[in-house]
Amino acid sequence: MTNYLDTQLVVWLGEARLDRLTPLAQAALEDGELAISPMVLLELEYLYEIHRIVRPPLALAQQLWNQIGLEIKDAGFAAII
(Lines give C-alpha, C1' and ligand atoms only; values in the text may rest on other atoms or scores of the structure.)
Protein backbone atom coordinates (compact mmCIF):
# COMPACT_ATOMS: atom_id res chain seq x y z
CA MET A 1 0.00 0.00 0.00
CA THR A 2 1.28 3.47 -0.87
CA ASN A 3 0.91 6.20 1.72
CA TYR A 4 0.96 9.65 0.11
CA LEU A 5 2.39 12.34 2.36
CA ASP A 6 1.19 15.92 2.35
CA THR A 7 3.45 18.96 2.21
CA GLN A 8 3.39 19.76 5.92
CA LEU A 9 4.33 16.21 6.87
CA VAL A 10 7.27 16.30 4.43
CA VAL A 11 8.45 19.57 6.02
CA TRP A 12 8.22 18.07 9.51
CA LEU A 13 10.09 14.95 8.44
CA GLY A 14 12.80 17.05 6.82
CA GLU A 15 13.16 19.01 10.06
CA ALA A 16 13.14 15.81 12.18
CA ARG A 17 10.00 17.04 13.97
CA LEU A 18 8.48 13.61 14.60
CA ASP A 19 7.04 14.99 17.85
CA ARG A 20 4.44 16.80 15.72
CA LEU A 21 3.05 13.54 14.30
CA THR A 22 0.02 11.81 15.69
CA PRO A 23 0.35 8.14 16.61
CA LEU A 24 -1.76 7.32 13.54
CA ALA A 25 0.60 9.27 11.27
CA GLN A 26 3.63 7.60 12.83
CA ALA A 27 2.08 4.18 12.25
CA ALA A 28 1.34 5.04 8.61
CA LEU A 29 5.00 5.96 8.09
CA GLU A 30 6.01 2.51 9.26
CA ASP A 31 3.42 0.68 7.17
CA GLY A 32 3.88 0.48 3.43
CA GLU A 33 5.50 2.55 0.73
CA LEU A 34 5.86 6.32 1.22
CA ALA A 35 5.35 8.73 -1.65
CA ILE A 36 4.57 12.30 -2.58
CA SER A 37 2.91 13.72 -5.65
CA PRO A 38 4.65 16.29 -7.84
CA MET A 39 2.21 18.85 -6.40
CA VAL A 40 4.01 18.54 -3.06
CA LEU A 41 7.25 19.52 -4.82
CA LEU A 42 5.50 22.59 -6.22
CA GLU A 43 4.19 23.57 -2.79
CA LEU A 44 7.66 23.04 -1.31
CA GLU A 45 9.09 25.29 -4.01
CA TYR A 46 6.68 28.04 -2.99
CA LEU A 47 7.70 27.62 0.65
CA TYR A 48 11.37 27.72 -0.33
CA GLU A 49 10.90 30.89 -2.41
CA ILE A 50 9.27 32.73 0.49
CA HIS A 51 11.93 31.42 2.91
CA ARG A 52 9.59 29.28 4.99
CA ILE A 53 11.91 26.30 4.43
CA VAL A 54 15.68 26.44 3.94
CA ARG A 55 16.29 23.49 1.63
CA PRO A 56 15.34 23.31 -2.05
CA PRO A 57 12.51 20.84 -2.70
CA LEU A 58 14.56 18.29 -4.62
CA ALA A 59 17.27 18.31 -1.96
CA LEU A 60 14.62 17.70 0.70
CA ALA A 61 13.05 14.91 -1.36
CA GLN A 62 16.49 13.32 -1.87
CA GLN A 63 17.17 13.50 1.87
CA LEU A 64 13.89 11.76 2.65
CA TRP A 65 14.46 9.16 -0.08
CA ASN A 66 17.79 8.32 1.57
CA GLN A 67 16.31 8.27 5.07
CA ILE A 68 12.92 6.64 4.60
CA GLY A 69 12.62 5.60 0.96
CA LEU A 70 10.24 8.42 0.02
CA GLU A 71 9.37 8.31 -3.68
CA ILE A 72 7.88 10.85 -6.05
CA LYS A 73 4.94 9.24 -7.84
CA ASP A 74 3.05 10.78 -10.68
CA ALA A 75 -0.31 9.16 -9.99
CA GLY A 76 -3.35 11.18 -10.98
CA PHE A 77 -4.97 13.36 -8.35
CA ALA A 78 -8.00 11.08 -8.25
CA ALA A 79 -5.79 8.17 -7.20
CA ILE A 80 -4.10 10.24 -4.51
CA ILE A 81 -7.31 11.62 -3.08
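Before reading further, recall that the structure is shown in the block above.
The structure presented is a predicted model; accordingly, all values stated were derived computationally and were not measured.

Visitor: Would you mind going over the overall build of the chain in detail, with residue names and values included?
Guide: Secondary structure assignment for the chain yields 5 helices and 3 strands. Order of helices (α) and strands (β) in the chain, N terminus to C terminus: β-α-α-β-α-α-β-α. Along the three orthogonal principal directions, the C-alpha set of the chain runs to about 35 × 30 × 20 Å. Residues counted as buried form 30% of the 81 residues belonging to the chain.

Visitor: An account of the side chain of Gln63 is needed here, citing residue identities and associated values.
Guide: Here Gln63 lies in helix 4 (residues 57-68). Its relative accessible area of 16% is what places Gln63 among the buried residues. For Gln63, the side chain forms a polar contact with the main-chain oxygen of Gly14, separated by 3.4 Å. Apart from the residues lying within four places of it in its own chain, the contact partners of Gln63 are Leu13, Gly14 and Arg55.

Visitor: Tell me what's going on with the nonpolar core, and back it up with residues and numbers.
Guide: Most often, soluble globular proteins have nonpolar side chains that are buried together. Membership of the largest hydrophobic core comes to 18 residues, with the highest contact counts inside it found for Leu5, Leu9, Val10, Leu13, Leu29, Ile36 and Leu44. At the level of secondary structure, the elements contributing two or more residues to this core comprise helix 1 (7-14), strand 2 (33-36), helix 3 (38-49) and helix 4. It is helix 1 that provides the largest number of residues to this core, a total of 5 residues. Other than its neighbours up to four places away in sequence, Val10 contacts Leu5, Ile36, Val40, Leu44, Leu60 and Leu64.

Visitor: Give me the lowdown on the side chain of Asn3, citing residues and values where you can.
Guide: One can find Asn3 in strand 1 (residues 2-4). Within the structure, Asn3 has its side chain in polar contact with the backbone oxygen of Ala28 (distance 2.8 Å). Beyond its immediate sequence surroundings of up to four residues, Asn3 is in contact with Ala28, Asp31, Gly32, Glu33, Leu34 and Ala35.

Visitor: Run through the pattern of salt bridges, naming residues and quoting values.
Guide: Counting across every chain of the model gives 2 salt bridges. The partner of Lys73 in a salt bridge is Glu33, with the nearest N and O atoms 2.3 Å apart. Of this pair, Lys73 sits in the loop between strand 3 (71-72) and helix 5 (77-80) while Glu33 is found in strand 2, placing the two residues 40 residues apart along the sequence. On the accessibility criterion, Lys73 (24% relative accessible area) is partly exposed.

Cut-off values and rules
Residues numbered from 1 in each chain as written. Predicted model: local features only at pLDDT ≥ 70, side-chain atom pairs only at ≥ 80, totals over all residues. Heavy atoms only, no water. Helix = DSSP H or I, 4+ residues; strand = E, 2+ residues; numbered from the N terminus. Buried < 20%, exposed > 50% of the residue type's maximum accessible area, 1.4 Å probe, protein only. Polar contact = N/O pair within 3.5 Å; in protein donor to acceptor, adjacent residues only side chain to side chain. Contact = heavy atoms within 4.5 Å. Core = buried A, V, L, I, M, F, W, Y, C linked by side-chain atoms within 4.5 Å. Salt bridge = Lys/Arg side-chain N within 4 Å of Asp/Glu carboxyl O.

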